[in-house]
Amino acid sequence: FFDLLSRCPPSTACGGAHSPQPPGTASDTVCRPQGVSGWMPDEPAVCAGEEAQEGECKACGGVINLRRKHIHDQFWCPSRSRDTDTVEEEDESKEDSGGASSAHIRAACMQPTFHNIITVNLGSMPLSFRLEQQDIFGPLSTGGALWAGELVLAEWLVLELEHLRGKRSQDWPLKVVELGCGSCPVAGMVAAALGCREVVLTDLREVLPAVRHNVGLNRSALVEAATQSFRTLGHMRVEELSWGAHACLGGGSDTDTPLDLVICSDCVFRKDLHPLLADTLLSLLLPGSAALLAYQQRDTEVEAAFFCELDQRALAYDRLDLNEVLEVIRGSWLQESADAASPPLEECYRLFCITAA
């Protein structure tokens, strides 16, 4: 699709064979222990945008909503997973009692941005985001949090969009849709700041209030960033979209605008959702349009299965080079949060371009 594809690593022609994935995506809804319902009954209801006192967690230093402090202390605080021996003992005792096992605690800690309120500074443009998250054991599950693949995708858009416009048109892409955007749609907001005329942020209905809240929190910063780039901030709208063969976007101010680009991050970790996501891409992609799929590698077999779904639908895909993006983020929170035993960044993240054949 893009001339950029000539810069892709030559060893990745097999596509899916090189791809694996993270434990979180906005469309995931099953982060609770199986067979256990209501296992966190004391969690207070906190609506996005609700005024609440903030405090600092003495264990991890994170800024937290004091109304949810006990949930943070019990499940969300990364200091919970420092002791390996304790973790192994917890696994057995928690599973026997039907409670939250330390495997679930470690799942939360796999995500570097574990605080309720976070600030994210892009490395490739002067843009800083303030974002409110909910822990992944809450009602929004993984859709309430920011995952690393979203930031990798955002940085890539900043670095490469102008290059692509030089090969197409300065107005390209006119319309962008983000699938499974989650409560922290950084890549979608970056697309709007880069001058994309219309950006549609989509997810399940229960996630949308949190999406709107974080977009509102960052609107002033987005306007300023767009102005500094001599662009006009694109129109952003938030919309429910369930994946499947009949997925379609609802009404809006620019519904007649052709869809140019679909973006999606950290959304292939659940094999049971692969057919629905592939059907959605098939439904949305038009000749000349493309999708960008970014993810953090977790399970190569699961991720390879997603590319088999694309093959069955005659959707083409090519891996894009992330070297420049990784240089930008090297030394940032993404690298600093990595465990000592974690593989190098080059082995952690993947970005693919998907097109209709």
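Residues numbered from 1 in each chain as written. Predicted model: local features only at pLDDT ≥ 70, side-chain atom pairs only at ≥ 80, totals over all residues. Heavy atoms only, no water.

(A) Focus on the pattern of salt bridges. One pass over the structure, following the stated rule, counts six salt bridges. Here Arg237 and Glu198 are joined by a salt bridge, their closest N and O atoms 2.1 Å apart. With a gap of 39 residues between them, Arg237 in strand β7 (residues 235–240) and Glu198 in strand β6 (residues 198–203) connect regions that are remote in the sequence. Among the salt bridges present, the one from Arg237 reaches Glu239, with a minimum N-O distance of 3.0 Å. Glu239 carries the same exposure label as Arg237, and that label is buried. Three or more residues are tied together by salt bridges with common partners; here these are Glu198, Arg237 and Glu239. (Salt bridge = Lys/Arg side-chain N within 4 Å of Asp/Glu carboxyl O. Helix = DSSP H or I, 4+ residues; strand = E, 2+ residues; numbered from the N terminus. Buried < 20%, exposed > 50% of the residue type's maximum accessible area, 1.4 Å probe, protein only.)

(B) Representation of the nonpolar core within the structure. Ranked by size, the top nonpolar core spans 59 residues in total, and within it Leu127, Phe129, Leu131, Trp156, Leu157, Val190 and Leu292 carry the most contacts. It is helix α4 (residues 148–167) that contributes the most residues to this core, ten residues altogether. Ranked by size, the runner-up nonpolar core spans 27 residues in total, among them Leu179, Ala247, Leu281 and Leu284. (Core = buried A, V, L, I, M, F, W, Y, C linked by side-chain atoms within 4.5 Å.)

(C) Broad picture of the state of the cysteines. Scanning the model with the defined rule gives zero disulfides in all. Here Cys184 stays unpaired: no disulfide links it, and the sulfur of Cys181, its closest cysteine neighbor, is 9.4 Å away. A residue is classified by how much of its surface remains accessible, and Cys184, at 2% relative accessible area, is buried. (Disulfide = S-S within 2.5 Å.)

(D) Focus on the pairing of β6. β6 sits mainly inside the fold: six of its six residues count as buried. Sheet topology note: the strand β5 (residues 175–179)/β6 ladder contains four bridges and is parallel. Pairing of Val177 across the sheet is with Val200, part of β6. A crossover connection joins β6 to the parallel β7 through helix α6 (residues 208–228); in handedness this β-α-β unit is right-handed. (Pairing = 2+ DSSP bridges. Right-handed = clockwise from strand over helix to strand, strands pointing away.)

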